[in-house]
Amino acid sequence: MQRAAREGELYKVLTVFGISFPLYYGYYDERERDSRYSEPIPIYPDFIKQPRYTANGLPFVTAMQSVCPHYKGQSPEDGCHTCSHYQSGEEFLGICLHEGNRERQNE
């Protein structure tokens, strides 16, 4: 029998478009932590609160994050993965290809 994951333990490291992201077990919300039936789950980065970019300035996004104003697809409620600008990486991590979201350095 496999033991349950513990909060703060490393789930895995994903390398997406040249950048590594360690994923740890945890909770997205305090109510989950307080439930006796809830176990920690892998926590994906919040790229809205802490943006990260590829070497050429494209923003990382999670498939399930809320869409931006440049969303192009049929169902924005489903998250970024339904947008034509989303390029999948590994698991739920990808990048946004829309030029309006590119990081502009020294302009």
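Residues numbered from 1 in each chain as written. Predicted model: local features only at pLDDT ≥ 70, side-chain atom pairs only at ≥ 80, totals over all residues. Heavy atoms only, no water.

Caption draft 1: Region of the structure containing the nonpolar core. Within the largest apolar cluster, ten residues are counted, these being L14, V16, F21, L23, Y44, F47, L58, F60, L93 and I95. Listing elements by their share of this core, those giving two or more residues are β1 (10-16), β2 (19-26) and β6 (93-96). Ranked by size, the runner-up nonpolar core spans seven residues in total, among them V61, A63, C80 and Y86. (Core = buried A, V, L, I, M, F, W, Y, C linked by side-chain atoms within 4.5 Å. Buried < 20%, exposed > 50% of the residue type's maximum accessible area, 1.4 Å probe, protein only. Helix = DSSP H or I, 4+ residues; strand = E, 2+ residues; numbered from the N terminus.)

Caption draft 2: Examining the sheet that holds strand β5 (residues 86-90) more closely. Reading across the sheet, the three strands line up as β4-β6-β5 and stay open at both edges, with antiparallel pairing between neighbours. The strands lining the two open edges of the sheet, one partner per strand, are β4 (60-62) and β5. In this sheet, neighbouring strand axes are inclined to one another by 40 degrees on average, regardless of whether the strands run parallel or antiparallel. Bridge count between β4 and β6: three bridges; the pairing is antiparallel. Directly across from F60, in β6, lies its bridge partner I95. (Pairing = 2+ DSSP bridges. Axes fitted to C-alpha atoms, helices over the stretch in contact; angles between N-to-C directions.)

Caption draft 3: Structural context of unusual backbone geometry. The phi dihedral of F17 falls on the positive side, at around 50 degrees, and the residue is not glycine. With respect to the element layout, F17 can be found in the loop between β1 and β2. For F17, a relative accessible area of 34% corresponds to the partly exposed category. In this structure, E91 is a non-glycine residue whose phi angle is positive, near 50 degrees. One can find E91 in the loop between β5 and β6.

Caption draft 4: Here's a closer look at the pairing of β2. Of the pairings in the sheet, the one linking β1 to β2 comprises six bridges and is antiparallel in character. Pairing of L14 across the sheet is with F21, part of β2. What sits between β1 and β2 in their antiparallel hairpin is a turn of two residues, with F17 showing a positive phi close to 50 degrees.

Caption draft 5: Focus on the pairing of β6. Pairing of β5 with β6, which is carried by four bridges, proceeds in the antiparallel orientation. Following the sheet pairing, Q87 is matched in β6 by I95. Hairpin connection between β5 and β6: a loop of two residues separates the two successive antiparallel strands, and E91 in this loop has a positive phi of roughly 50 degrees.

Caption draft 6: Just the pattern of salt bridges, in detail. Overall, the coordinates contain two salt bridges when judged by the stated rule. Residue K12 is joined to E91 by a salt bridge in which the shortest nitrogen-to-oxygen separation is 2.4 Å. You can see K12 sitting in strand β1 and its partner E91 sitting in the loop between β5 and β6, a full 79 residues away along the chain. Looking at K12, the relative accessible area reads 29%, which means it is partly exposed. The exposure class of E91 is partly exposed, given its relative accessible area of 32%. Across the salt bridge formed by R102 and E99, the nearest N and O atoms sit 2.9 Å from each other. (Salt bridge = Lys/Arg side-chain N within 4 Å of Asp/Glu carboxyl O.)

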